[in-house]
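These are the residues of each chain, in order.
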Amino acid sequence: MKIGFIGLGKLGLPCAEVVAQKGHDVTGYDIVDVQTDKVQFKTTIQECVKDREIVFVAVPTPHDPAYDGRAPTAHLEPKDFSYDIVHSVLKEANEYMNKDQLLVLISTVLPGTTRREFVQHISNPRFVYNPYLIAMGTVAWDMVNPDIVMIGTEDGTETGDAKQLVDFYKTIMENDPSYEIGTWDECECIKVFYNTFISTKIGLVNMMQDVAEKQGNINVDKVTEALANCTKRITSSAYMKAGMGDGGGCHPRDNIALRYMADKLNLGYDLFDAVMNAREKQAKNMAEKLVTLAKEHDLPILLNGVAYKPGVPYQDGSYSLLVGHYCHELGRGPMTIDPSIDLGGGMEFRAVVLLAHPTLYVKLSSDSIVVDPWREHTSDKYKVIHYGNTRKN
Ligand SMILES: NC(=O)c1ccc[n+]([C@@H]2O[C@H](COP(=O)([O-])OP(=O)(O)OC[C@H]3O[C@@H](n4cnc5c(N)ncnc54)[C@H](O)[C@@H]3O)[C@@H](O)[C@H]2O)c1
């Protein structure tokens, strides 16, 4: 295929060269002169995009130089990346491209940026957002052996533009990656949360290292290797479904005790505090949703399930009750139903129902509203809101 690359830097050049090595005809453009014997270097965007079926844009989305992490940044005001270069390159590429061509943005951007800022520049070619999960030092290998390939389209459709890109990637991949096709916004999210997931993992294992140093008699490798062997829950896809927060008799109180330890060992930071604060704020956000709906529709709130998980009679660390606590605070104390704790059921309720447990324990009137944080419940009788899914289609 005829492929173009705009931006031949640390990411763009190795990727363009791999594509050329796989037998495609590749042109490239950069504002600086780039030495390459595999890519046909062009001196303007116009020449670079001419006759190309797919044009990739891998230009920088730089941060403020003070924010690169080699010096402390935690005290600095949080800032977005700068998108000026992407704006100008997309505008210029658009000018010289047409509907038969696909323009593909690779650069990293925050969720919402493409829809808010970029698509207005694209009227001629078709457009997808396709960020890369690639590490420095292994760019070329990573490109053709990725965990996943993200392809973002306006409405997440898997046909047309997304399919064209998948068909192209199939000609170069050395493994069999999963193709994750979603909206622009979803792919922006996958990319940045992939990176921050790694940062969080590293933050956690290095916290164990700090505890080993400060506590004594601990080899951090013993701890991390044991946890790495917990392939059912820790190094697996377990807990990779958003829904109700962490609960039960152990996790919340362990984190609280670890806050104490962080202070006592003088670690100098308290990630547990951040985790617990997030848990509480997330519960409050959910409560605000329920209370807003309850007020709008003049309905009481019902918590469907109050045990910390379905099928047990324990309410220790119940996230559902935590949400209920915030509903109270917001002036709408909820009713509760849970067959492991009380009887109930049978009668029909008229309410805004939080589906804290995925099985609905009661019958509902047709003017009830179910808020389902697991996004699986459906009904023809009453309204169901899939909490956490804000896609339009
Ligand atoms: N480097 C990586 O491993 C990696 C991985 C994933 C995503 N990304 C993202 O990809 C994007 C590019 O990253 P990078 O590391 O290759 O940056 P880089 O700075 O190494 O390369 C960017 C290239 O774009 C060129 N450029 C600047 N302005 C231009 C313009 N107006 N027209 C054409 N070319 C222009 C620069 O001269 C440079 O060669 C960033 O958004 C980055 O976050 C990078």
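From a predicted model like this one, the values you see are computed outputs, not experimental measurements.

Peer 1: Could you give me a rundown of the pattern of salt bridges, with the residues and numbers involved?
Peer 2: Enumeration over the complete set of coordinates arrives at 14 salt bridges. Note that Lys50 is salt-bridged to Asp51, the shortest N-O span being 4.0 Å. A relative accessible area of 54% means that Lys50 is categorised as exposed. For Asp51, a relative accessible area of 51% corresponds to the exposed category. With a shortest N-O distance of 3.5 Å, Glu376 and Lys241 are connected by a salt bridge. Of this pair, Glu376 sits in the loop between strand S14 (369–372) and strand S15 (383–386) while Lys241 sits in the loop between helix H8 (220–228) and helix H9 (251–264); the two residues are 135 residues apart in sequence, bridging distant segments of the chain. Residue class for Glu376 comes out exposed when judged on its relative accessible area of 55%. A relative accessible area of 44% means that Lys241 is categorised as partly exposed.

Peer 1: Go over the side chain of Thr27, please, and point to the residues and values.
Peer 2: By the secondary structure assignment, Thr27 is in strand S2 (residues 25–29). Within the local environment of Thr27, its side chain forms a polar contact with the backbone oxygen of Cys48, the two atoms lying 2.8 Å apart. When sequence neighbours within four positions are dropped, the list of residues in contact with Thr27 reads Ile3, Gly4, Phe5, Val39, Gln40, Lys42, Cys48 and Arg52.

Peer 1: Let's hear about the sheet that holds strand S10 (residues 335–337): which residues, and what values?
Peer 2: The sheet built from five strands is open, its strands ordered S10-S9-S12-S14-S15 with parallel pairing. Each having just a single partner strand, S10 and S15 make up the two edges of the open sheet. Each adjacent strand pair in this sheet contributes to an overall mean axis angle of 25 degrees, direction not counted. Bridge count between strand S12 (residues 352–354) and S14: three bridges; the pairing is parallel. Directly across from Val353, in S14, lies its bridge partner Val370. Against the sheet, helix H10 (residues 271–297) touches strand S9 (301–304), S12, S14 and S15, its axis set at about 165 degrees to S12.

Peer 1: Describe the environment of Arg279, listing the residues and the values that go with them.
Peer 2: Secondary-structure assignment places Arg279 in helix H10. Every residue in contact with Arg279, bar those within four places of it in the chain, is listed here: Asp246, Gly247, Pro252, Gly317, Tyr319 and Leu322.

Reading guide: rules and limits
Residues numbered from 1 in each chain as written. Predicted model: local features only at pLDDT ≥ 70, side-chain atom pairs only at ≥ 80, totals over all residues. Heavy atoms only, no water. Salt bridge = Lys/Arg side-chain N within 4 Å of Asp/Glu carboxyl O. Buried < 20%, exposed > 50% of the residue type's maximum accessible area, 1.4 Å probe, protein only. Helix = DSSP H or I, 4+ residues; strand = E, 2+ residues; numbered from the N terminus. Polar contact = N/O pair within 3.5 Å; in protein donor to acceptor, adjacent residues only side chain to side chain. Contact = heavy atoms within 4.5 Å. Pairing = 2+ DSSP bridges. Axes fitted to C-alpha atoms, helices over the stretch in contact; angles between N-to-C directions.

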